[in-house]
Amino acid sequence: MRVVSGIQPTGNPHLGNYLGAIKRWAEMQHETECLIFLADLHAITVYNDPAQLAATIREAAATLIACGIDPEKAILFNQARVPAHAELAWLLNCTARVGWLNRMTQFKEKSGKNREGVSVGLYAYPVLQAADVLLYQATHVPIGEDQKQHLELARDIATKFNADYGVELFTLPEPLIGDTAARIMSLRDGAAKMSKSDPSDMSRINLTDDSDTIAQKVRKAKTDPEPLPETLEGLDSRPEAKNLVGIYAALAGRETQEVLSEFAGQGFGAFKPALAELAIEALRPIRARLGELMAHPDEIDRILERGSGQAAMLARPTLAAAYQALGLPIGR
Ligand code: TYM
């Protein structure tokens, strides 16, 4: 079993990233080999200020460590330092089909009405993501629900490459999507996912928010006037209520049903303060640790450099075998 997953280093990581992905990586690193990376090559598919990017990558790495990713246990690195990602992505661009990429919903959302004006990189983005996991023969990829389609594409690319060139080179990776936190929604709109790109900061809880800000965001979160129901079905047509109960369950590491059993019949006047308290206590140590880590930026750079070296070693045989399969031997 080998776990591989990544996060874009731009924008503030939020509670959706934490519960949907990062917290689960931190748990899995104790059980299995994990490669966790900052998807900086994905970040440049839209314009990013070069002067800021290096600092952003460092801060994102520090955030992952503050959330519990231990660089002694997991291999922590950034994509750009491992050129095999970009290389394999090119090889896989020649296997992926235009029709497959045309179906990617995230590209449709991100390009919107400006389809002709976005970068080729934004379009080919899911092929790079396929390379990210296939390069390491990942067996499992812990992600939020929004990345599921990209992972299915990675499986399609792997299957076609193996079939076209008559090899059993790429392992088909399985998505690992959590139950309670697969899709954390905006605090302002139960139909939109919590996202770094939402213009309203009130829509998300950032991992760097202080306790007062968290309390205020939870207090102002959109809800309905009904008390909490006894069963999950009672949340079906109440997206905002469902989201807050889901966040509570994920933070507490409990089943949603258990949380409902505790709060059934109570209104949000009682539930919101309990949720705010839980979120504040969960994020307080992360924020404190992040502050300590950011005081030593050189140390973060060293960690990324070391992790990238380890990742590059693991990537080499698969990259060489991919060239070999294509009739372009490069040696090992
Ligand atoms: P990114 O940076 O948008 O998000 C990182 C992880 O957080 C999850 N996530 C969420 N989970 C639950 N609720 C939410 N509201 C929420 N928002 C984000 C994402 O599903 C993801 O798991 N393309 C990827 C990065 C990537 C990658 C990869 C991931 C590049 N290569 C290879 C896995 C494997 C991205 O932009 O994630």
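Cut-offs applied
Residues numbered from 1 in each chain as written. Predicted model: local features only at pLDDT ≥ 70, side-chain atom pairs only at ≥ 80, totals over all residues. Heavy atoms only, no water. Domains from an automatic or database assignment. Contact = heavy atoms within 4.5 Å. Buried area = accessible area lost by both parts, 1.4 Å probe. Salt bridge = Lys/Arg side-chain N within 4 Å of Asp/Glu carboxyl O. Helix = DSSP H or I, 4+ residues; strand = E, 2+ residues; numbered from the N terminus. Buried < 20%, exposed > 50% of the residue type's maximum accessible area, 1.4 Å probe, protein only. Expected span 1.5 Å × (residues − 1). Bend = angle between axes of the 7 residues up to and from the residue. Axes fitted to C-alpha atoms, helices over the stretch in contact; angles between N-to-C directions. Parallel < 35°, antiparallel > 145°, perpendicular 65-115°, else oblique. Left-handed = near helix turned anticlockwise from the far one by under 90°. Nonpolar A, V, L, I, M, F, W, Y, C, P; charged D, E, K, R; others polar. Near = heavy atom within 4 Å. Polar contact = N/O pair within 3.5 Å; in protein donor to acceptor, adjacent residues only side chain to side chain. Areas by Shrake-Rupley, 256 points an atom, 1.4 Å probe, with all protein chains shown as cover. 1 Å grid on protein atoms, 1.4 Å probe; cavity = no way out; pocket = protein on both sides within 12 Å on 5 of 7 lines; lining within 4 Å. Sits in = over half its atoms within 2 Å of the grid points.

Undergrad: For this particular structure, what's the right way to read the domain arrangement of the protein?
TA: A common way to report how large an interface is uses the accessible area buried once the components associate. As assigned here, the protein comprises domain 1 (2-183 + 296-326) and domain 2 (201-292). Here domain 1 and domain 2 have C-alpha centroids that lie 29 Å from each other. Taken together, the contact between domain 1 and domain 2 spans 18 residues of the former and 18 residues of the latter. Across the domain 1 to domain 2 interface the summed buried area is about 1,400 Å²; carbon plus sulfur atoms make up 69%. When the area that domain 1 buries against domain 2 is broken down by residue, the three leading residues are Leu15, Ala66 and Thr180, summing to 38%. Our count for the domain 1 to domain 2 interface comes out at zero salt bridges.

Undergrad: Before we go on, may I ask you to explain unusual backbone geometry in this structure?
TA: Negative phi values dominate among residues other than glycine, just as trans dominates among peptide bonds. Located in the positive-phi region is Gln137, a residue other than glycine, with phi close to 55°. Here Gln137 is to be found in the loop between α7 (120-134) and β4 (140-143). We classify Gln137 as partly exposed; its relative accessible area is 21%.

Undergrad: Quick question: what am I supposed to make of helix α1 (residues 15-28) here?
TA: Helical geometry: 3.6 residues make up each α-helical turn, so side chains three or four residues apart lie on a common side. Between its first and last C-alpha atoms α1 spans 18 Å; for 14 residues at 1.5 Å apiece the expected length is 20 Å, and the two agree. Residue Ala21 marks the point of greatest curvature in α1, where the axis turns by about 35°. Among the 14 residues of α1, 13 are classified as buried, and the element is accordingly described as predominantly covered.

Undergrad: Just checking my understanding: could you explain the packing of helix α9 (residues 211-220) against helix α12 (residues 268-294) for this structure?
TA: For any two helices packed against each other, one specifies the inter-axial angle together with the distance between the axes. The N-to-C vectors of α9 and α12 enclose an angle of 150°; their axes lie 9 Å apart at closest approach. The orientation of α9 relative to α12 falls into the category roughly antiparallel. The handedness of the crossing between α9 and α12 is right-handed. In contact with Ser211, Ile214, Ala215, Val218, Arg219 and Lys220 of α9, α12 contributes Lys272, Leu275, Ala276, Ala279, Ile280, Leu283, Arg284 and Arg287. Residue composition of the contact of α9 with α12, by class: eight nonpolar, one polar and five charged.

Undergrad: For this particular structure, what's the right way to read the pattern of salt bridges?
TA: A side chain with one charge may pair with a side chain of the opposite charge, provided their charged atoms come close. On inspection of all chains with the given rule, the structure shows 18 salt bridges. Across the pair Asp301 and Arg58 runs a salt bridge whose closest N-O atoms are separated by 2.9 Å. Residue Asp301 is located in helix α13 (residues 297-325), and its partner Arg58 is located in helix α3 (residues 50-66); the two are separated by 243 residues in the primary sequence. Lys217 is paired through a salt bridge with Asp201; the nearest N and O atoms lie 3.0 Å apart. Remark: Asp201 occurs in the loop between β5 (174-177) and α9 and Lys217 occurs in helix α9; sequence separation between them is 16 residues. A relative accessible area of 36% places Asp201 in the partly exposed class. A single salt-bridge network, built from bridges that share partners, covers Asp201, Arg204, Asp209 and Lys217.

Undergrad: Help me understand the side chain of His85, please; the structure alone is not making it clear to me.
TA: Counting through the fold element by element, His85 comes out in helix α4 (residues 84-93). Of the residues examined, His85 reaches a relative accessible area of 0% and is grouped as buried. Leaving out residues up to four positions away in the same chain, His85 has contacts with Leu41, Phe77, Gln79, Leu128, Ala131, Asp132, Leu135 and Tyr136.

Undergrad: Is there a simple way to think about the site of the ligand in this case?
TA: Looking at the ligand, there are 27 residues lining it, with Tyr125, Asp132, Gly144, Asp146 and Ile184 nearest. In this structure, an oxygen atom belonging to the ligand sits 3.1 Å away from a side-chain N or O atom of Asn17. Between the ligand and Tyr125, the relevant distance is 2.7 Å, taken from a nitrogen atom to a side-chain nitrogen or oxygen of the residue. Protein chains shield 96% of the accessible area of the ligand, which is 710 Å² for the free molecule. The cavity that encloses the ligand is the largest pocket. Secondary structure elements with two or more residues in the shell around the ligand: β1 (2-7), α1, α7 and β4.

Undergrad: Would you mind showing me how to read the environment of Ile7 here?
TA: Relative to the assigned elements, Ile7 resides in strand β1. Sequence separation between Ile7 and Ile36 is 29 residues; the distance between their C-alpha atoms is 8.3 Å. Other than its neighbours up to four places away in sequence, Ile7 contacts Asn17, Ile22, Trp25, Phe37, Leu38, Ala39, Leu64 and Lys196.

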